[in-house]
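For reference, the chains in residue letters:
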Amino acid sequence: MADVRGAALLAVHAYRARLTHRASDEADLLDRLLRPWREKFPEVSVGTLVNAGPAARLLVGVSHQAQLIVAGAHEPGGLPGAVTSQLLHHADCPVLIAR
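An account of the accompanying structure is given in this report. Here the structure is a predicted model, which is why all the values come from computation and not from measurement. (Residues numbered from 1 in each chain as written. Predicted model: local features only at pLDDT ≥ 70, side-chain atom pairs only at ≥ 80, totals over all residues. Heavy atoms only, no water.)

### A word on the environment of Leu30
Item 1. Tracing the backbone shows Leu30 in helix 2 (residues 23–40).
Item 2. Sequence spacing of Leu30 and Ser85 is 55 residues, and the spatial spacing of their C-alpha atoms is 23 Å.
Item 3. Residues contacting Leu30, with those up to four places away along its chain left out, are Ala11, His13, Thr48, Leu49 and Val50. (Helix = DSSP H or I, 4+ residues; strand = E, 2+ residues; numbered from the N terminus. Contact = heavy atoms within 4.5 Å.)

### Thoughts on the packing of helix 3 (residues 55–62) against helix 4 (residues 82–90)
Item 1. Where helix 3 meets helix 4, the axes come as close as 9 Å, and the angle between the chain directions of the two elements is 30 degrees. With respect to helix 4, the element helix 3 is oriented roughly parallel. Note on packing geometry: the crossing formed by helix 3 with helix 4 is right-handed. In this structure, helix 3 contributes Ala55, Ala56, Leu59 and Val60 to the contact, and helix 4 contributes Val83, Gln86, Leu87 and His90.
Item 2. Broken down by class, the residue content of the contact of helix 3 with helix 4 amounts to six nonpolar, two polar and no charged. (Axes fitted to C-alpha atoms, helices over the stretch in contact; angles between N-to-C directions. Parallel < 35°, antiparallel > 145°, perpendicular 65-115°, else oblique. Left-handed = near helix turned anticlockwise from the far one by under 90°. Nonpolar A, V, L, I, M, F, W, Y, C, P; charged D, E, K, R; others polar.)

### Topic: helix 3
Item 1. Among the residues of helix 3, Ala56, Leu58, Leu59, Val60 and Val62 are the ones counted as buried.
Item 2. Its buried side turned inward, helix 3 meets strand 1 (9–15), strand 2 (46–52), strand 3 (69–72) and helix 4. (Buried < 20%, exposed > 50% of the residue type's maximum accessible area, 1.4 Å probe, protein only.)

### Overview of the nonpolar core
Item 1. Counting residues in each nonpolar core, the largest one holds seven residues, listed as Leu59, Val60, Val62, Ile69, Ala71, Leu87 and Cys93.
Item 2. Of all elements in the fold, only helix 3 and strand 3 reach the threshold of two or more residues within this core.
Item 3. Here this core takes three residues from helix 3, the largest share from any one element.
Item 4. Beyond its immediate chain neighbours, meaning those up to four positions away, Leu87 contacts Leu59, Val60, Ile69, Ala71 and Val95. (Core = buried A, V, L, I, M, F, W, Y, C linked by side-chain atoms within 4.5 Å.)

Here it is in structure tokens:
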């Protein structure tokens, strides 16, 4: 849809800080996950945001400037988990829960 609408994307990755992980390792992981999509849709601008800390807090913060937040349901059966529930209640933009 971003391609059709000419919209830019921001891929957000929150992680739990551990002594053995560095922010650069997490950024590399996100880049590897995005690589096939960037190759498939090279005209779509995709920025990244990688941050240690709670995913819900990061995503709600990003929602202040977003047109739409797309999040995955991680609970069994595709039901919203804690992060998606926080988004549904506190985001400043529409939220799409993908299963």
